Amino acid sequence: MTKKIDRNESSIEKNSIRPHSIPIYQTSVYDYPDLESLDDFYEGRIPGAYLYSRNGLPNSTELGKKVAEYEKTDSGVVCSSGMGALLVAILSGLGKDDHVVASNDLYGGTLVLLKDELSRFGIRTTFADSADPENVRKSIERDTKLILVETISNPTMKICDIGKIAEICHESNAVLLVDNTFATPFVAKPAILGADIVMHSGTKYLGGHDDLTIGILCGKSKIMSRAAQFCTRSGVIAGPFDCWLATRSLSTWQVRVKQSSENAIKLANYLESRSGKVSKVYYPGLPSHPQHDLSKRVFNWGIYGGMLSFDLTGGLDSAGRFVKSLRTVTLTPSLGGVHTTISHPGKTSHRNLNEDQKRESGITDAMIRVSVGIETYDSVEAEFKTALDAA
Ligand code: PLP
């Protein structure tokens, strides 16, 4: 028989002693003492009460609240992954025959979600080069309900003029959804520039240690309460432990992003200096970046984030030699962790695109994407020097 615990008997609560860190509420459901308290719950008379994990969890409430504060929005909804968050953002607001305008160089997983999955349910997408906001304007149709862009695109590091795109979007009564995964709110705050929904793959910088999978949406209360409802109905929720880990990581988010940005600008400059081995470096902090001036308007404090990409002068073979020559920097198809890692977009995130689509997205066989970590910079440069010499 299950023992009924009288919470008032807990000496911790009796003496108003609280845990310093929010505990992991590893429970899928809550016990209610009587039928009246169920009525109280459903009619909103017990603030902060929970019933069943799919409807909400203390750890996910805490996480959503914190990220929403960082993003300067009203509230946040936590989902099972970045892709889960995108799905919730789109399906909670759009239906059959609705139209999306999306950047043509979004994360590969987002491209295939729109192209191959949501199209089957009658949600149409036009892809545009959003580096020029006029391309977005030209792609808007009568039924356009959503514009989807990334603050910094993956992996070509193009920047969106979020303020201008927000203006264009709102003239058509559409919703602007910005994937801020690469930038994080320490580099840019899209909601301040006019975005309606800001999305994160929390698997990346928010988590920061390559040990959790989570997604977050932030925005105005009305849009978020519909997103939360859809999240509950579809079950795209995150469990308490991943939410707890992500909340814990938020205490060091700013320091990690700052340190990796400082390393990234140094590495970008070093790679540019190796012109015999590197044909192009993609990093918004470099004056050679075509949108360097725009980045000063879109980004917060002159920090440009920890992500960069570069093209080796050789082809796929050269990329293969480069990867094999690395010793401590690993080939790890994710980003935003404390250790420097590399990835090959053509073989991973953009693998499902055909050659034309890759060309359109600017993905080459010799492209290496780097998630710059927080190590001592000199050790990172030494590692890249050895691998470039071998490439
Ligand atoms: N958005 C961006 C920019 C990403 O890089 C990724 C994953 O790499 C996602 C969304 C999807 O996030 P997740 O892997 O957490 O589903």
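A few points on the structure.

What counts as what
- Residue indices follow the written sequence of each chain, beginning from 1 at its first position.
- Only residues with pLDDT of at least 70 are given local features in this predicted model, and only at 80 or more are side-chain atom pairs given and counted; all residues enter the totals for whole chains, interfaces and linings.
- Heavy atoms throughout the structure, all of them, feed into the side-chain values; hydrogens and water do not.
- Helix and strand definitions follow DSSP, with helices as H or I runs of at least four residues and strands as E runs of at least two, each counted in order from the N terminus.
- Two things to know: the radius of gyration comes from C-alpha atoms, and the globule rule equals 2.2 Å times the number of residues to the power 0.38.
- With a 1.4 Å probe rolled over the protein chains alone, any residue whose accessible area is under 20% of its type maximum counts as buried; one over 50% counts as exposed, and the rest are partly exposed.
- Contact criterion: two residues are considered in contact whenever any of their non-hydrogen atoms come within 4.5 Å of each other.
- As used here, the arc is the angular range of directions from the helix axis to the C-beta atoms.

## Some remarks on the overall build of the chain
And then number 1: Each helix and strand counted, the chain has 14 helices and twelve strands in total.
And then number 2: In terms of C-alpha radius of gyration, the chain reaches 22 Å, essentially the compact-globule figure of 21 Å for 391 residues.
And then number 3: C-alpha extents for the chain along the principal axes are approximately 75 × 50 × 35 Å.
And then number 4: For the chain, the proportion of its 391 residues judged to be buried stands at 51%.

## Description of the environment of Ser 80
And then number 1: Along the chain, Ser 80 falls in the loop between strand S1 (75-79) and helix H4 (82-91).
And then number 2: Take Ser 80: its relative accessible area is 28%, and that puts it in the partly exposed class.
And then number 3: A C-alpha to C-alpha distance of 9.3 Å links Ser 80 and Cys 231, two positions 151 residues apart in sequence.
And then number 4: Leaving out residues up to four positions away in the same chain, Ser 80 has contacts with Thr 213, Ile 214, Gly 215, Val 236, Ile 237 and Ala 238.

## Some points on helix H12 (residues 316-325)
And then number 1: Every buried residue belonging to H12 is among Ser 318, Ala 319 and Phe 322, and all of these are buried. Down the axis of H12, the buried set is contained in an arc of 100°. They therefore lie on one face. Opposite the buried face of H12, at more than 90 degrees from it, the exposed residues are Asp 317 and Lys 324.
And then number 2: Contact partners of the buried residues in H12: strand S9 (307-312), strand S11 (341-343), strand S12 (367-371) and helix H14 (377-390).

## Some words on unusual backbone geometry
And then number 1: Each neighbour pair has its own omega, and for Asn 154 with Pro 155 the value is 5°, a cis peptide bond.
And then number 2: In this structure, Pro 155 sits in the loop between strand S4 (144-150) and helix H7 (162-171).
And then number 3: Unlike most non-glycine residues, Asn 173 shows phi in positive territory, near 60°.
And then number 4: Here Asn 173 falls in the exposed class, since its relative accessible area comes to 69%.
And then number 5: Phi is positive for Thr 184, close to 65°, though the residue is something other than glycine.
And then number 6: With respect to the helices and strands, the residue Thr 184 is situated in the loop between strand S5 (175-179) and strand S6 (197-201).
And then number 7: Relative accessible area serves as the criterion here: at 0%, Thr 184 is assigned to the buried category.

Read these as spatial facts, not as claims about activity.
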